[in-house]
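# Summary of structural features
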Amino acid sequence: MTIFERATREHDLALPIEPVAALLARYRDRHPGKTAIVDLDRDRRIDFATLHAAANRVANFLGTRGVGHGDRVALLSEESLEKLVLWLGIWRLGAVVCPLNVEMNAAHVGEILANIGPRFTFVHQDLDAAAMGAGSPAAREIFGDWDGAGFFARLREVPASPEVETANGISDIAAIFCTSGTTSKPKCVVFDHTAYWLSGLSTLDMLGLTADDRTLEYRSFGWNSAQILSLMPFLQTGLTLHIARRFSHGRFFGWIRDCGITFAAGVPTVVNMLLNEPAGIAADDVPTLRLMTCSTAPLSPDQWRSFEEMYGVTLLQLYGMSEAGWICGNRHDRRRMGTVGPPARHQEFVIVDADGKPCPPGVEGEVTVGGPQTSRATISPDGVWEDHSLARLRTGDLATMDEDGFVRVTGRTKDLIIRGGVNIAPLEIDHILMRHDDIIEAAAVGVPDPIYGEEVVCYVVARPGRALGEAEIDAHCAASLPAFKCPKAVVFADSLPKSDRGKIRRDALREMWIEARGEDGA
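Residues numbered from 1 in each chain as written. Predicted model: local features only at pLDDT ≥ 70, side-chain atom pairs only at ≥ 80, totals over all residues. Heavy atoms only, no water.

### Quick notes on the overall build of the chain
From N to C terminus, the chain includes 14 helices and 25 strands. Taking 522 residues into account, the globule formula puts the C-alpha radius of gyration at 24 Å, and the chain, at 24 Å, falls close to it. Projected onto its principal axes, the C-alpha coordinates of the chain cover approximately 75 × 50 × 50 Å. Within the chain, the proportion of its 522 residues that are buried is 57%. Looking at the chain alone, contacts between residues at least 24 apart form 67% of all its contacts between residues at least 6 apart. For the chain, the accessible surface area stands at approximately 20,300 Å², while carbon and sulfur atoms represent 50% of it. In the chain, which carries 53 positive and 69 negative side-chain charges, the distance between the mean positions of the two groups comes to 3 Å. (Helix = DSSP H or I, 4+ residues; strand = E, 2+ residues; numbered from the N terminus. Rg over C-alpha atoms; globule rule 2.2 N^0.38 Å. Buried < 20%, exposed > 50% of the residue type's maximum accessible area, 1.4 Å probe, protein only. Contact = heavy atoms within 4.5 Å. Areas by Shrake-Rupley, 256 points an atom, 1.4 Å probe, with all protein chains shown as cover. Lys, Arg positive; Asp, Glu negative; His and termini not counted. Charge placed at Lys NZ, Arg CZ, Asp CG, Glu CD.)

Put into structure tokens, the structure is as follows:
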């Protein structure tokens, strides 16, 4: 049984899988003048008729440069209307898009390109193509603004018809993208079109999006999360997608008000920023916004509740992974604070014990996933391909599932603090710390201890202008935690180290502790 056959036979698809060519043609025919994509930073927009023609022109252009079905095309650019036009043109041809995050340093981009081996490379004019090792001039194209001179002016001279005969196949490889990696070289993930489609359907199931929605995405489309939360629902429904290069605290609610945004992406960093620096906005000020999400890291129930009370917007905690797409998610019509929701509709989800056997409700184990929604393969930093098509993935996340099917992520296997042979989940301690009004960020971590093997310490960022001492934190934790889980030391910091996706790096905190205290850190 092929991947596609398994997806269609074993998963109840709300929408049948279709190629990009058919989707763009349908929206052109149905509502040609409807706005498809809005670039908020440059105040540019494109309608579905123009997008259909542009994607076909990109596909025809690539054909003249020797790029064909299944070839890899690297796309190096910050977020923009032009980036998504090129992306959809690559898919229209049936080629593989490789959207590398430009935040990575130039040496890593060059090495990753060497591992991927693109046939062609698009590079935005604001980037230093040579420094990033983006191929020879004959194998790349520098592009600029949609309305400017240069590539897009020449592209308008490329005929939109006849259309290329090739198209993306539902089981074809769709994209090769990178996982997080700013201080070390990341690995790459290989996704096929079936996995993208199922992840998109899971998004629609969780959020209830339709063609009438106007969504906002301000994260990199080099991340799987932005691809499946925003790009796929756009393709599957024909809604209007608004994009920005990055989150802006000062412009966020203005975007929502001025554009009538109905759904906005979110991450814990943004939620915390809006909580700690209130925007003075109430639900009546942004009446169109009905939903926001929070993913990439767990959100405490107190943060969740405070956000909804402050802004009057429903917040949904989701849970995903680059190699697996969506794993779990709260639904627009069914949610539970403190959880990541039930398993995603098209994810084959099982929590297993140390022997690999399924855990009963309420028993902690490791999350495993599998099936056609997961990645086809990964590529190691050294360029080694690992086939995932027949294997279940162990996520490294610990979780429990209750009798109603809601999943609570309790931590990471690698982050577990093992004190005197007892496992302690640092996330539980984080949530207790975050209940303190004068703490805006906190993280517990296990550090070397000569008696217990590991001991609990915490790093805390205090609210500016507040006097907060270690004794007060000790008393706060002791009121909710047993003694063996209470931090034995508190370190105050101006900020906590995070990955490029906003996840706190406990490994870096542990290294900071050891470095500050000598060779063994004890």
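Additional details are given in the paragraphs that follow.
### Notes on the packing of helix H4 (residues 81-93) against helix H8 (residues 224-237)
Close contact between H4 and H8 brings their axes to 13 Å; oriented N to C, the two are set at 65°. Relative to H8, the element H4 is oriented roughly perpendicular. Relative to H8, H4 is oriented so that their crossing is right-handed. Along the contact surface, H4 presents Trp-87, Leu-88 and Trp-91, while H8 presents Gln-227, Leu-231, Met-232, Phe-234 and Leu-235. Here the contact of H4 with H8 is built from residues that sort into seven nonpolar, one polar and no charged. (Axes fitted to C-alpha atoms, helices over the stretch in contact; angles between N-to-C directions. Parallel < 35°, antiparallel > 145°, perpendicular 65-115°, else oblique. Left-handed = near helix turned anticlockwise from the far one by under 90°. Nonpolar A, V, L, I, M, F, W, Y, C, P; charged D, E, K, R; others polar.)

### Some details on the sheet that holds strand E2 (residues 44-47)
Strand order in the open sheet formed by eight strands is E2-E1-E10-E9-E11-E12-E13-E14, and the pairing between neighbours is mixed. Bordering the open sheet on either side are E2 and strand E14 (325-329), each of which pairs with just one other strand. Direction of pairing for strand E12 (residues 291-294) relative to strand E13 (residues 314-321): parallel, over a ladder of four bridges. From the neighbouring strand, Thr-293 faces E13, where its bridge partner is Leu-316. Lying on the sheet, helix H7 (residues 193-207) is in contact with strand E11 (263-264), E12, E13 and E14; it crosses E14 at an angle near 25°. Sheet strands touched by helix H9 (residues 252-259): strand E9 (214-217), strand E10 (240-243), E11 and E12. Its angle to E9, the strand with the most contacts, is close to 160°. (Pairing = 2+ DSSP bridges.)

### Description of the side chain of Ser-375
Here Ser-375 is to be found in the loop between strand E16 (365-370) and strand E17 (377-379). Relative accessible area serves as the criterion here: at 2%, Ser-375 is assigned to the buried category. In contact with Ser-375, not counting residues within four places along its chain, are Val-189, Val-190, Phe-191, Glu-323, His-388 and Leu-393.

### Things to note about the pattern of salt bridges
Counted under the stated rule, the structure contains 36 salt bridges. Two residues, Glu-366 and Arg-394, come together in a salt bridge whose shortest N-O distance is 2.9 Å. Linking Glu-366 in strand E16 with Arg-394 in strand E19 (residues 393-401), this pair joins segments that are 28 residues apart in sequence. One salt bridge connects Glu-454 with Arg-510, and the closest N-O pair in it is separated by 3.0 Å. Pair noted here: Glu-454 is in strand E24 (residues 453-462) and Arg-510 is in helix H14 (residues 506-517), with a separation of 56 residues, a long-range link. Taking the relative accessible area as the measure of exposure, Arg-510 reaches 27% and is therefore partly exposed. Salt bridges sharing common partners tie together Arg-44, Glu-82, Asp-145 and Asp-147. (Salt bridge = Lys/Arg side-chain N within 4 Å of Asp/Glu carboxyl O.)

### As for unusual backbone geometry
Cis rather than trans, the peptide bond between Ser-161 and Pro-162 has omega equal to 5°. Phi is positive for Asp-43, close to 50°, though the residue is something other than glycine.

### Brief notes about H7
Between its terminal C-alpha atoms H7 stretches 21 Å, which fits the 21 Å expected from 15 residues at 1.5 Å a residue. Looking at where H7 begins, the residue whose side-chain oxygen comes 3.2 Å from the main-chain nitrogen of Thr-194 is Asp-192. Among the residues trailing H7, Gly-208 stands out with phi positive, at a value near 70°. (Expected span 1.5 Å × (residues − 1). Polar contact = N/O pair within 3.5 Å; in protein donor to acceptor, adjacent residues only side chain to side chain.)

### Digging into the pairing of E2
In E2, alternate side chains face the same way, and those of Arg-44 and Ile-46 are buried while those of Arg-45 and Asp-47 on the opposite face are not. Bridging between strand E1 (residues 35-39) and E2 involves four bridges; their strand directions are antiparallel. Looking at the pairing, Asp-39 lines up with Arg-44 of E2. In this antiparallel pair of consecutive strands, E1 and E2, the connection spans four residues, and Asp-43 shows a positive phi of 50°.

### Digging into the environment of Thr-166
Inspection of the secondary structure assignment puts Thr-166 in the loop between helix H6 (151-155) and strand E7 (173-178). Looking at Thr-166, the relative accessible area reads 31%, which means it is partly exposed. Note: C-alpha distance between Thr-166 and Ile-473 (307 residues apart in sequence) is 63 Å. When neighbours within four sequence positions are excluded, Thr-166 is seen to be in contact with His-69, Arg-92 and Leu-93. At a separation of 2.7 Å, a polar atom in the side chain of Thr-166 contacts the main-chain carbonyl oxygen of Leu-93.

### Section: the packing of aromatic side chains
The full count for this structure, using the stated rule, is 21 aromatic pairs. When the centroid spacing of 6.1 Å and the interplanar angle of 90° are considered together, the rings of Phe-143 and Phe-152 count as edge-to-face. Comparing Phe-143 with Phe-152 shows no difference in burial state: the two are buried. Counting every residue linked through ring pairs, the aromatic cluster contains Phe-61, Phe-120, Phe-122, Phe-143, Trp-146, Phe-151 and Phe-152. Of note, Arg-156 hangs over the ring of Trp-146, and the distance from its end group to the ring centre comes to 5.9 Å. The ring of Tyr-452 has Arg-419 sitting right over it, with the charged end atom 3.8 Å from the ring centre. (Phe/Tyr/Trp six-rings, centres within 6.5 Å; stacked < 30°, edge-to-face > 60°. Lys NZ or Arg CZ within 6 Å of the ring centre and 35° of its normal.)

### Here we look at the pairing of E19
On a regular strand, one side chain projects to one face of the sheet and the next to the other, so that they alternate. Along E19, seven of the nine residues are buried, which leaves the element largely enclosed by surrounding structure. Two elements, E16 and E19, share four bridges in a ladder whose sense is antiparallel. The partner of Glu-366 across the bridge, within E19, is Leu-398. As defined by bridge partners, E19 adjoins strand E20 (residues 407-412) across five bridges and the pair is classed as antiparallel. When the bridges of E20 are listed, Leu-398 appears paired with Gly-411. Linking two consecutive strands that pair antiparallel, namely E19 and E20, is a turn of five residues; a positive phi of about 90° is found at Gly-405 within it.

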